[in-house]
Amino acid sequence: MYTLRFFSAYVLPALMLSYCVRIADGALYVPPSTFPAERRKKRRKYLDQQRLASRASYPSRSYCGSPDYRCQHCGAMFWLRERVRSDSSVRDARVIYNNCCKGGKVRIPPFRPRPEPLGSLARFHGDARSNKFMKNIRQYNCLFAFTSMGAKIDRSMNDGRGPPVFKISGQVHHRIGSLLPNHGTPPKFIQLYIYDTANEVRNRLHALNPEERPREPLDPKIVEELAKMLDDHNPFAKQFRLARDSLAEHGDEEFIVRIVGAREGDPVQYSLPTTDQLAMLVVGDFTLDTFKRDISRDGELRQISALHPAFMALQYPLLFQFGERGFQVGVLYNGVTDPGNNAHVKMTPQDYYRFNFHYKPSQPNPWLCYGALSSQAKVDARACIDENRLWYIIKNQKKIRMENIQGIADAVGRGCTDGSEIGKPTVLPASHIGGRRYMIQNYHDAIAICRVYGPPDFFTTFTCNPKWVEISEAIACEPGQKPTDRADVVVRVYHMKLEELMQVVKDGTAFGPVTAVLHTVEFQKRGLPHAHIILWVAQDTSQPSPAFIDKFISAEIPDPDEDPLGYALVAEHMIHGPCGPSYETCPCMKNGKCSKGFPKTFEEETILDEGGFAKYKRPNNGRYVDKGGARLDNRWVVPYNMYLLKKFQAHINVEWCNKSIFIKYLFKYVTKGPDCGKVYIERVRRGEDAPYDSKTQTINEVKEYLDCRYICEQDACWRVFGFDIHRHYPPVERLPVHLPDENFITYDADANMADIVSEEFLRKTMLTEWFVANQTCLAARCLTYCEFPGKWRWDSQCRSLWRNRRFNPG
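Residues numbered from 1 in each chain as written. Predicted model: local features only at pLDDT ≥ 70, side-chain atom pairs only at ≥ 80, totals over all residues. Heavy atoms only, no water.

If you check an unreviewed UniProt entry, the protein chain appears there as Helitron helicase-like domain-containing protein from Paspalum notatum var. saurae.

Dropping the structure here:
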């Protein structure tokens, strides 16, 4: 172990970025050199640098520990920081975590061990045959899928320049077709189990979508072995083989296959062990209305409901080899016997998938242990949850109406008493994350904070580092896995780090005392989560000095002798490029120039230009970093905060906010929400119209949201775990402003309009009761409407008068 002083003498020429490359399996590749001694010297210096940046050499580094704790109900592994703090006591050895099974309310039996040959093939640390199988596991699954997956798969980022990412856009459909192909067309999906099975392997290999075909051909021997495995263990495959035999015996008889679904009140079942639970019926034996959640085939293409228990098993036969049932409607929480009218005692799709997204030792988990195929299934599960919520909104459009009281009174005066005759439909509420109203509401909240505290001071972007020690320790349970295989671990670690960073910001450690802060979480093109953070400091910054900005923001390479750790971290995380005319393939290059404006100009001191933008201190002091064969000096440094960089050891860009013209752009950027927000903005820029519903003569906001939605596996895990996308501090109270009797109310379509008009309770709003408070209380008259929530509290349940707070929270 070299001492710090010994290392500093060698750190300048020893950067890993120019001499060593860490490949996927963690081994070091050192480019050939004429002198082996020089190569060994460079490798030793690189290891010294890594050792310096380790947790042991920097005690203040953020470290969440290992996932050494297990849920007492389901056995899921978790970190201590994920515990429920209000119910836990480390001193009493009581550590409670309920994000997996909701404290034992959700109970699902474990999956069965995978049969051969899948048990030998699906290994991350197997032989060459196994590695080739895992690399193409999505393609192998496509060969045996019973249903098609209708989704727009975004393949633009999988160009070989980064880790693979499964990303989709738009709505997701699972469709099942006829048992036999049309004349002259090749068989696919379920037809491959029935038609021309003598040439089944060849037919399956030819049926693969050209866009899904790998560069290297699939192994016919593996295809044959997997087909036999499914014939032996999968009830769906067995049923369709029976259909094949029936067609051979009675070719002229028309029949369909019905895969029985689950309805509320049915016994809870999580597996399909026999073919008896699948019914082969002659057409006309039943009506489709009776089996709304069943899958039936009578010749045309049919979309499968995401609520069907076989929804996932039909799409992913290599994940669910035994045809295990998925989410079932109407399952009560564990311990509940009489639900009554309480809808909150039944398992939701999010409860089901969140339970399965947690690793449990010595239990096979198809959602986590199959590489790229598990990534696709995670995205599919997230889309399933989202679209079920959207379906509820669509289904209740006609039941819930919105109108102002005066409009209802006018309608009653015209003789209209039926609630279904008037009102505007509530399309996509602001509570649905990612919708247009959600974005606008967050933007208004941000502007309200700005109105009170003035323009913001700092803008920070915090990006996940997949090399964090916590991630490496968590995936060590499955040898051979990479961070790209475990999006669930990546987002959980990042969530803990983000919570810690927000605490560091709020307590004033990083930027001094802070009065307000807001952040939103997004996902990079490559899938890694990152947060945009805006904050206001308590100090007066109307006339900032260069010394004040330099205290918190730096844009220069540290001296390797004085601060070797800072030098190593800046070199690894905060250097942009190289890019430019010699690097046209660099992602930042647009029209022959760097879209980020690099390289910057040398500056001997920090200045604010006439436009209000900060030009950070970038002295020409001869310091540089070797990266990609280029020497990059201070002009290529991304602005950072040294304290945050050393503590979290990730890419953390810190910028001083332009207080004159940057505010509107800044808030739109930080409150736009997930990727669909970007598409909304791009659509407006191109002048494209939103989807129009000819039946209701309105914009179909649900379809607009689905068209703009992008989902990757990290985004899927983040949302399934229920982590916040957007938060702000302090909280914002939304105050309505309206004329008398012009406040909007929601009502059921079956409501009697005359009763609504005569209900005085519905006429009370925050605004009307503010006037009442001013009439009855002298203390209220010195506060404006906007200042009122800081001293008084509104009771939304009884819409009573504002109540005076016992203390001032500000």
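Still to come is the rest of the account.
**Considerations on the overall build of the protein chain**
Going by this rule: Labels follow the DSSP assignment, with helices taken as runs of H or I lasting at least four residues and strands as runs of E lasting at least two, numbered in each case from the N terminus. Only protein chains enter the accessibility calculation, which uses a 1.4 Å probe; a residue whose area is less than 20% of its type maximum is buried, one above 50% is exposed, and one in between is partly exposed. The contact criterion used is simple: two residues touch if any of their non-hydrogen atoms lie within 4.5 Å. Accessible surface is estimated by sampling points in the Shrake-Rupley manner with a 1.4 Å probe; for residues, cover comes only from the protein chains shown.
A count of helical and extended segments in the protein chain gives 25 helices and 29 strands. Across the 810 residues of the protein chain, 50% fall into the buried class. In the protein chain, the share of contacts with a sequence separation of at least 24, taken over all contacts with a separation of at least 6, comes to 70%. As displayed, the protein chain offers around 39400 Å² of accessible surface, 51% of which is attributable to carbon and sulfur atoms.

**Concerning helix 12 (residues 372-395)**
We count it as follows: Expected helix span is taken as 1.5 Å per residue step, with the number of steps being one fewer than the number of residues.
For helix 12, with 24 residues, the first-to-last C-alpha span of 34 Å sits near the 34 Å given by 1.5 Å per residue. Summarising burial for helix 12: 18 of the 24 residues are buried, a large majority.

**Brief notes about the packing of helix 16 (residues 487-506) against helix 23 (residues 713-720)**
How two helices pack is summed up by the angle between their axes together with the distance between the axes. Selection rule: Here an angle of 0 to 180 degrees is reported between the N-to-C directions of two axes, which are lines fitted to C-alpha atoms, with helices fitted over the stretch in contact. Roughly parallel means an angle under 35 degrees; roughly antiparallel, over 145; roughly perpendicular, 65 to 115; everything else is oblique. By the definition used in this description, the sense in which the near helix is turned from the far one sets the handedness, with an anticlockwise turn below a right angle giving left-handed and a clockwise turn giving right-handed. Polar here means any residue outside two lists: the nonpolar Ala, Val, Leu, Ile, Met, Phe, Trp, Tyr, Cys and Pro, and the charged Asp, Glu, Lys and Arg; Gly therefore counts as polar.
One way to put it is that helix 16 packs onto helix 23 with a least axis distance of 9 Å and a crossing angle of 60°. In terms of orientation, helix 16 lies oblique with respect to helix 23. The element helix 16 and its partner helix 23 pack so that their crossing is right-handed. Residues A487, D488, V491, Y494, H495 and L498 of helix 16 touch helix 23, and the partners they reach there are E713, Q714, C717 and W718. For the contact of helix 16 with helix 23, a count of residues per class yields 6 nonpolar, 2 polar and 2 charged.

**Section: the sheet that holds strand 14 (residues 514-523)**
Which entries qualify depends on this criterion: At least two bridges found by DSSP between two strands are what make those strands a pair.
Reading across the sheet, the 5 strands line up as 22-13-15-14-26 and stay open at both edges, with antiparallel pairing between neighbours. Only two strands of the sheet have a single neighbouring strand rather than two, namely strand 22 (652-656) and strand 26 (726-729). On average, each strand axis in the sheet is tilted by 15° relative to the strand beside it, whichever way the strands run. By the bridge criterion, 9 bridges tie strand 14 to strand 15 (residues 529-537) in an arrangement that is antiparallel. If you follow V521 over to strand 15, its bridge partner there is A531. In the packing of helix 16 onto the sheet, the strands contacted are strand 13 (458-463), strand 14, strand 15, strand 22 and strand 26, and the crossing angle to strand 15 comes to about 10°.

**Some thoughts on the environment of D219**
Position of D219 among the secondary structure elements: in the loop between helix 7 (200-207) and helix 8 (220-233). According to the relative accessible area criterion, D219 is partly exposed, its value standing at 24%. As for D219 and F133, which are separated by 86 residues in sequence, their C-alpha atoms are 8.5 Å apart. Once residues lying within four places of it in the same chain are set aside, the contact partners of D219 are R129 and Y140.

**With respect to the confidence of the model for the protein chain**
Put simply, the rule is: As a per-residue measure, pLDDT reflects the predictor's confidence and takes values from 0 up to 100.
Confidence in the prediction for the protein chain averages 78 pLDDT; 73% of positions are at 70 or higher. Note on residues 272-294: pLDDT under 50 across the span, and 59 contacts to partners over four residues away in sequence or across chains. In the model, residues 677-685 has pLDDT below 50 throughout and makes 22 contacts with residues more than four positions away in sequence or in other chains.

**Quick look at the nonpolar core**
Stated precisely, the cut-off is as follows: By nonpolar core we mean a set of buried residues, namely Ala, Val, Leu, Ile, Met, Phe, Trp, Tyr and Cys, connected to one another through side-chain atoms within 4.5 Å.
Ranked by internal contacts, the top residues of the largest apolar core, which has 132 residues, are F133, L226, W367, F458 and F511. Ranked by the residues each element gives to this core, the list is headed by helix 16, at 12 residues. Dropping the residues within four chain positions of it, F511 is found in contact with F458, T460, V505, L535, V537, F552, N641, L644 and V654. Residues I557, Y567, M574 and A630 belong to the second largest nonpolar core, which totals 22 residues.

**Describing the pattern of salt bridges**
Proximity of charged atoms lets side chains of opposite charge pair with each other. Here is the rule we go by: Only one rule defines a salt bridge in this text: a Lys or Arg side-chain nitrogen within 4 Å of an Asp or Glu carboxyl oxygen.
Following the criterion strictly, the structure yields 23 salt bridges and no others. The residue R241 makes a salt bridge to E200 at a minimum N-O spacing of 2.9 Å. On the criterion of sequence distance, the pair formed by R241 in helix 9 (residues 235-249) and E200 in helix 7 is long-range, its members being 41 residues apart. This pair shows no difference in class: R241 is buried, exactly as E200 is. Of the charged contacts in the structure, one is a salt bridge between R486 and D488, with a shortest N-O distance of 2.9 Å. Residue classification places R486 among the buried residues on the basis of a relative accessible area of 2%. Via salt bridges that share partners, E200, R204, D231 and R241 belong to a single interconnected network.

**Remarks on the packing of aromatic side chains**
To keep it simple, the criterion reads: Ring geometry is summarised as follows: Phe, Tyr and Trp rings, the Trp one being its six-membered ring, pair when their centres sit within 6.5 Å, and such pairs are stacked at plane angles under 30 degrees, edge-to-face over 60 and tilted between the two. Comment: the charge-over-ring label is applied if NZ (Lys) or CZ (Arg) is within 6 Å of the ring centre and within 35 degrees of the ring normal.
Per the counting criterion, the structure on display carries 31 aromatic pairs. For the ring pair F78 and Y97, a centre distance of 4.6 Å and an interplane angle of 15° mean the geometry is stacked. Taken as a pair, F78 in strand 4 (residues 77-78) and Y97 in the loop between strand 4 and helix 4 (118-121) lie far apart in primary sequence, 19 residues in all. On the basis of relative accessible area, F78 is assigned to the buried category, the value being 1%. Exposure remark for Y97: the relative accessible area of 6% places this residue in the buried category. The interplanar angle of 80° and the centroid separation of 5.2 Å between the aromatic rings of F458 and W656 together place this pair among those described as edge-to-face. Note that F458 is positioned in strand 13 and W656 in strand 22, a separation of 198 residues in sequence. Taken as a pair, F458 and W656 share a single burial class, namely buried. Directly above the ring of F322 sits R112, whose terminal nitrogen or CZ lies 3.8 Å from the centroid.

**Observations regarding unusual backbone geometry**
Looking along the chain, the bond that leaves E116 and enters P117 is cis, with omega of 10°. Here P117 is to be found in the loop between strand 4 and helix 4. The peptide bond linking Y729 to P730 adopts the cis configuration, its omega dihedral lying at 0°. Of note, P730 is situated in the loop between strand 26 and strand 27 (744-748).

**So, the pairing of strand 13**
Taken across its 6 residues, strand 13 has 6 buried, putting it largely inside the fold. Pairing between strand 13 and strand 15: 6 bridges, direction antiparallel. Residue pairing across strands places F462 opposite A531, the latter belonging to strand 15. Both strand 13 and strand 22 contribute to a ladder of 5 bridges, which runs antiparallel.

**Here's the deal with helix 8**
Where we set the bar: To obtain the arc, one takes the directions from the helix axis to the C-beta atoms. Polar contacts, as used here, are pairs of N or O atoms within 3.5 Å; protein pairs need one atom able to donate a hydrogen and one able to accept it. Residues neighboring in sequence count only if both atoms are side-chain atoms.
In this model, helix 8 (14 residues) spans 20 Å end to end at C-alpha, consistent with the 20 Å of a helix rising 1.5 Å per residue. Of all the positions in helix 8, only I222, V223, L226, A227, M229 and L230 are classed as buried. In an axial view of helix 8, the angular spread of the buried residues amounts to 160°, which keeps them on one side of the axis. Buried residues in helix 8 make contact with helix 4, helix 5 (128-135), helix 6 (137-144), helix 7 and helix 9. Structurally, the start of helix 8 carries an N-cap: the backbone nitrogen of K221 is 3.0 Å from a side-chain oxygen of D219.

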